[in-house]
Amino acid sequence: MSTRVCRGRTCHEERQLRRIGSNIRKQNSDSKASRVTKNIIHYADDEKPRNDYPKKIVSPSRPSSCCNEENRDMVGSTREVEGFKFCYKICSKCGHAVKFYFPSVGSTSEAVKEYRQWKRYMVQ
């Protein structure tokens, strides 16, 4: 096998390099809607509560009596996955964290419509 030199490298080396940029395949909305969202909350009783948003939130495994809506502070921004909007909320006193889902109002997302239909079926 002969080795040619292409732009200062051997051709064999050039074939192994990955191009970044224009040849990256864009994800369509269907693949984005079906992706799994990673939960950044790590529940542990042996670790001190810690807020390293957006990478990780360490939280006690159970809420305390102080955990109510007045004591919970929203962390970061509101996100949306499959038509469901959510944010992370942390108790300002004990550090217990939850992933809070907002009630969807007037959404046209197919996932929300299917979920509502499923809920109606389950209630019957």
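Residues numbered from 1 in each chain as written. Predicted model: local features only at pLDDT ≥ 70, side-chain atom pairs only at ≥ 80, totals over all residues. Heavy atoms only, no water.

Caption draft 1: Representation of the overall build of the chain within the structure. The helix and strand inventory of the chain stands at three helices and eight strands. The buried share among the 124 residues of the chain stands at 21%. Of the contacts made within the chain by residues no fewer than 6 positions apart, 40% connect residues no fewer than 24 positions apart. For the chain, the exposed surface amounts to about 10200 Å²; the carbon and sulfur share of it is 50%. (Helix = DSSP H or I, 4+ residues; strand = E, 2+ residues; numbered from the N terminus. Buried < 20%, exposed > 50% of the residue type's maximum accessible area, 1.4 Å probe, protein only. Contact = heavy atoms within 4.5 Å. Areas by Shrake-Rupley, 256 points an atom, 1.4 Å probe, with all protein chains shown as cover.)

Caption draft 2: Expanded view of the nonpolar core. By size, the foremost hydrophobic cluster in this structure holds nine residues: Ile40, Ile41, Ile57, Val75, Val81, Phe86, Tyr88, Ile90 and Ala97. Listing elements by their share of this core, those giving two or more residues are β6 (72-81) and β7 (84-91). Per element, the largest residue contribution to this core is three residues, and it comes from β7. Leave out the neighbours within four places in its chain, and Ile41 touches Ile57, Ser59, Tyr88, Ala97, Val98 and Lys99. (Core = buried A, V, L, I, M, F, W, Y, C linked by side-chain atoms within 4.5 Å.)

Caption draft 3: Local environment of the environment of Lys48. Its place among the elements puts Lys48 in the loop between β3 (41-43) and β4 (50-52). Linking Lys48 and Pro60, residues twelve residues apart in sequence, is a C-alpha distance of 7.9 Å.

Caption draft 4: Representation of the pairing of strand β8 (residues 97-101) in the model. By the bridge criterion, five bridges tie β7 to β8 in an arrangement that is antiparallel. Residue pairing across strands places Ile90 opposite Ala97, the latter belonging to β8. Remark: five residues form the turn of the hairpin made by β7 and β8, two consecutive strands paired antiparallel; Gly95 in that turn has positive phi of roughly 90 degrees. (Pairing = 2+ DSSP bridges.)

Caption draft 5: Representation of the side chain of Asn71 in the model. Along the chain, Asn71 falls in the loop between β5 (56-59) and β6. The class for Asn71 is buried, based on a relative accessible area of 14%. Apart from the residues within four sequence positions on either side, Asn71 is in contact with Cys66, Ile90, Cys91, Ser92 and Lys93.

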